[in-house]
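Notes for the structure review
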Amino acid sequence: MAFSVIGLQLVSALVSATFLFLMASGLSLIFGVCRVLNLAHGSFFMLGAFLAYSVTQVVSSSLETFWLALLLVPLATALLGALLEIVLIRRFYGANLLVQLMPMVALIYIISDFSRFVWGVSPGSVPVLGLFGTVSILDLTFPAYYFVVVLASMVVAAGLWFLITRTRWGILVRAASQDREMSAACGVNQTRLFTMVYALATGLAGLAGVLAVPISGASLEMDMTTVVNAFVVVVVGGMGSVLGSMLAAILIGLVNAFGILVLPQFEMTFVYALMALVLIVRPTGLFGRG
Amino acid sequence: MQKETEMVPSLTWLQKLAGHPLLWGLVALLLLCPPFLPQTYVVQMTDTLLFVLLAVSINLLIGYGGMISLGHAAYFAIGGYTAGVLVTQAGMPMLVGLLAGPLAAALAAAVIGLFCVRVANAYFIMLTLAFGQLVYTVVWKWRALTGGDDGLVGVAPPAILLSEIHYYYFTLVIILACLVLIHRICESPFGTTLKAIRDTPSRARSIGIDVAGFKLAAFTMAGLFAGIAGSLYVFHNRGIFPQSALWVTSTDIMLMAVLGGANHFVGPIVGAIFLKTLNFVIPRLTEYWLFFLGVVVLLIAFVMPRGLMDGYDSLRARLKRMRG
Amino acid sequence: MNADILRTEKLNLQFGGVHATRDVSIAVPRGQIRAIIGPNGAGKSTLFNLLTGFLRPQSGKIHFKGQDVTGLAPHQLCRMGFARTFQIPNVSSNATVLENIQLAKVSLHGGLWKLLEPFRRMHVEEAWDVLSLVGLADQAAVEARNLPFGDQKKLELAIALACDPEVLLLDEPTAGMPLHERPALMGLVQSIVRAKSLTTILIEHDMDLVFSITDWITVLHRGAVVAEGVPGEVRNNTEVRKIYLGEGGTENSGRRQAEAAGGDPILTVEGLTAGYGMGMVLHDVSLSVAEGEVVCLLGRNGAGKTTTLKSIMGLVPPAQGRIVLLGENVVGRPTYEICQMGIGYVPEDRRIFPDLTVMENLEVGRRDVAAGQAAPWTVDRVLDLFSSLKPLRHQRARFMSGGEQRMLTIARALVGNPKVLLLDEPSEGLAPLVVETLWEHIRALKEAGLAILLSEQNLWFASGLSTRVYVIDKGQIQLSSTFAELEASPELKRTHLAL
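A brief look at the structure comes next.

Rules used throughout
Residues numbered from 1 in each chain as written. Chains lettered and ligands numbered in written order. Predicted model: local features only at pLDDT ≥ 70, side-chain atom pairs only at ≥ 80, totals over all residues. Heavy atoms only, no water. Helix = DSSP H or I, 4+ residues; strand = E, 2+ residues; numbered from the N terminus. Rg over C-alpha atoms; globule rule 2.2 N^0.38 Å. Buried < 20%, exposed > 50% of the residue type's maximum accessible area, 1.4 Å probe, protein only. Areas by Shrake-Rupley, 256 points an atom, 1.4 Å probe, with all protein chains shown as cover. Contact = heavy atoms within 4.5 Å. Salt bridge = Lys/Arg side-chain N within 4 Å of Asp/Glu carboxyl O. Polar contact = N/O pair within 3.5 Å; in protein donor to acceptor, adjacent residues only side chain to side chain. Nonpolar A, V, L, I, M, F, W, Y, C, P; charged D, E, K, R; others polar. Buried area = accessible area lost by both parts, 1.4 Å probe. Disulfide = S-S within 2.5 Å. Pairing = 2+ DSSP bridges. Axes fitted to C-alpha atoms, helices over the stretch in contact; angles between N-to-C directions.

Here we come to the overall build of chain B. Helix and strand counts for chain B stand at 16 helices and two strands. Taking 20 Å as the expected radius of gyration for a compact globule of 324 residues, we find that chain B reaches 20 Å, a close match to that expectation. Dimensions along the principal axes, computed over C-alpha positions, put chain B at roughly 65 × 50 × 45 Å. Counting all 324 residues of chain B, 55% fall into the buried class. Element-wise, carbon and sulfur atoms account for 70% of the exposed surface of chain B, whose accessible area totals about 13,400 Å².

So, in structure tokens, the structure goes:
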């Protein structure tokens, strides 16, 4: 009995860690390179979820369509991200933090009402969870989709790791995040680099949205709930560290999943206690640069 | 001595106020109008007054301290819920609620502030937002105490304050007193110290200022005044809902201060009145209030990023130059 | 029993393996004016930050009036009697001049927490006295950000004085000021602190000023105290001369003289005036570099060498003047374009990308040239030249020695195949043996036909490399001559390079 509960929580912890990681790594990338706090990051997550919902609505609620959405929707949010970076966000790079915040808040509001206009207030669901079937491990049965999500995020994490550590582009990104002035003096065109980073991060947010929709559906509240949780991950893991985001996401997924067993009403309390602890010991996060 | 009087006109604040006919006009309007207005307007005016206090209190952090809080609604809600719970569940009189609410909010702000003032800039924004959402979640999930998403209802003031117009004047007196108090604090060494910390923390430290201590004090103080607004709100609204702690309320309060002009003491007042009035008018015209607000925010971010008061100032300066 | 008001014992602080201060022990008697001098990166600012609590030493002690004050926070130290200024004016810019002083006074008298007292009426008279003392009384009502730069430096001084300190620490009180205003400000400092018998510690690059007003000089080099004494002693100390002039350093016999080279000018700077914020560092600087030529920009610390190179790169936007690369004015272009047009930049402060490996650092700088160009700098070729980097290819740059990091910055600029290379004080802060290797490398670059603008404070390092020399001091070109001419004339050397 206890075993089954633990197993279940473990898997759900991994699944929630997946979304947290996809969101937090993008936030962290944007902050590290472009030096803006992408408060509107959750809005891209929500758009991803709603777009996936639309794709399955318009075509069909079949597995094939879902795979199609998984491919197309992140591209769409990445494109939107690039567009918004070019017409809006980049005009505020040099501004002070307070002024930078204004277009972000505006984007959250506008995307939120836009979504309400297009998709309405009632949550949309994509009933593909059942189509994936179930997996039994020992005595426990899990939706197979959970493993798809975890697997997908592992693939993304590996891809991200490869991109950041093994490609010229990744080297330029890391150089820019370590010393902007010097990377410019080495001939790196940062304008283009920033757009690409923003597009990549918003693409990841869209991907997280698509992956989340079969489990939690698409709703208007999911933008801020997700981004706030991602903030907690970033604070714990350290801004600018993809590895930190990953480990913090898993840690927080676990604390959350098991906290809910101890104090079901206040599962968040444990996560925040963890965050408070980290802040006392290491104000820049576990893997943050001092 | 000669120099002193030249430099620092020895006016009391009352004399100074006398030089602002606009301000007096506004106060007179606030005092005299309500009896002639329909009740919905009076309710709206009370509501606006509460948000004026919220915006002015958050500006202690944003404008004076340079700390951008996105979790101010939490202290508003804590003030409201504390007062509401004491009155409905413990049968306390309103006065106890009005005192305990702000104290609880200040206490919460002191505890949360302990963590938030350790970090700066983007981290501060993320932390205040996250702690704000924590308060929201607690309020929302702790059904036994708060009524969850059904809200905490049936919080009524004593009979004498039941009439909207009476409650309006009651609120007006308290809010004006709070504004005068905050204004004095801003004009005191405390306000100057906060500005110095905002401008150059390193300089502040090197002239003997305990930066973290002052930031925490400002955070707590802002929480206290938000708590006052919250506990007044719960009796005004006859109850309170978890949405009062939601991030949107926090961003609204932040926007009021910023749109009005965080560099001015009156900026947030202007911003609160501006946004509350929009919020009163626009939803009658369109369902998509947030979209509209987003566009307004974008416009202001491009046209006058330092807020309406700053725009007004530069306009006046330009007119002066044209005349001169 | 103890006449020293301030004493440090073996202060140590390392940043990532580099000793910022190394066993620094100094003792300052009450009432002394002490100067701390040394080349860039010698640890002067670090020492200041340790003394004022902005940094904590990893080991060592600080005693103030016989009391251990190590590890106290800046505001606590201020309460005990320390006051400091900042090199770059660091004042509450939206407040008026008077308010800036008032705040320091209110803080001094413990009135910061008086929540209901109007600030504007607190300690006005006292604040006025301070302003009159430094000559800012006329500007009292001006907002600090609208002050001319020189007056902002005065305000810095006034704020520190307003704290009624027992020890006054001045971080480059005249840096960034117009030349003609410097002696006056230093004279002001001197008269004020002498009148109050105030213990004063100052960092200053302007040697004439340092020697004229101080009682005692401490020379720092690579984090350690290398010499101490009265001005006359320090001036003639061989160790100090070595650091500043390179005299008696590595022998330079056996080096071939640089042969004259002269093609068309690649890079021309005309009438360049530039600086940071409101302070101008460069005044009307003009120079040129021809194809295949190594030109040396020679000057002491703080003379304006780094700012010149940074302005060429667009990192410090020029206020006036033209910078022409191959016939095209590059002023106003973004830095990355200037680099892509063919200027390679090697910063003085070893700005490698610390968390990137050697190969990754090179990758950032790499720019392939069109096929057909003779002998492009490929990564392999550069690694062959800087052979000591080869075994470190996959090591993170953070963990390399100072010399290796310096080589890496040069290698990184080379793989961008620049048409002209800006080399900012390559020998700075390196061990003699490493400097010699580096010299060989740069010589090799010269032989490969690369045009180089080399900034140096050591005459001997430029020997055998450069044919022409510009001597820069106080932000102005003082002399333009051939290297041979300068080296042959003791007269010129003394006027332009001696301490």
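For interface size, the figure often reported is the accessible area lost on association. Contacts between the two partners involve 33 residues from chain B and, on the opposite side, 39 residues from chain C. Joining chain B to chain C, the criterion identifies one salt bridge. Of the charged contacts in the structure, one is a salt bridge between Arg203 of chain B and Glu156 of chain C, with a shortest N-O distance of 2.5 Å. Summed over the shared surface of chain B and chain C, the result is 13 residue pairs in polar contact (both at pLDDT 80 or more). Among the elements of the structure, α1 (2–7), α9 (164–187), α10 (189–199), α11 (201–206) and α12 (211–236) of chain B are those that each provide at least two residues to the side of chain B that touches chain C. At eight residues, the largest contribution of residues to the side of chain B that touches chain C is made by α10 of chain B. Class assignment for the residues of the side of chain B that touches chain C results in 15 nonpolar, eight polar and 10 charged.

Facing 45 residues of chain B, the contacting portion of chain A comprises 41 residues. Between chain B and chain A, roughly 3,900 Å² of surface is buried when both sides are summed, and carbon and sulfur atoms account for 82% of that area. Our enumeration of links across chain B and chain A arrives at one salt bridge. Taking the shortest distance from any N to any O, the salt bridge between Arg116 of chain A and Glu287 of chain B comes out at 3.4 Å. Put simply, chain B and chain A have 10 residue pairs in polar contact (both at pLDDT 80 or more) between them. Elements with a minimum of two residues in the side of chain B that touches chain A: α7 (121–141), α13 (247–260) and α15 (289–303) of chain B.

Residue and element names in this part refer to chain B. Tallied over the entire structure, the rule returns zero disulfides over all chains. Free of any disulfide, Cys186 has its nearest cysteine sulfur in Cys178, 13 Å distant. Take Cys186: its relative accessible area is 4%, and that puts it in the buried class.

Before going further, it helps to spend a moment on the sheet that holds strand β12 (residues 265–276) of chain C. All names here are of chain C. The four strands are arranged β13-β12-β15-β16 in an open sheet whose pairing can be described as antiparallel. With partners counted over all chains shown, the strands left at the sheet margins are β13 (279–290) and β16 (328–329), one partner each. By the bridge criterion, six bridges tie β12 to strand β15 (residues 318–325) in an arrangement that is antiparallel. For Leu267, the partnering residue across the bridge sits in β15 and is Leu325. Where helix α10 (residues 305–313) meets the sheet, it contacts β12, β13 and β15, and its direction lies at approximately 110° from that of β12.

Purely geometric stuff here, so don't read any function into it on its own.
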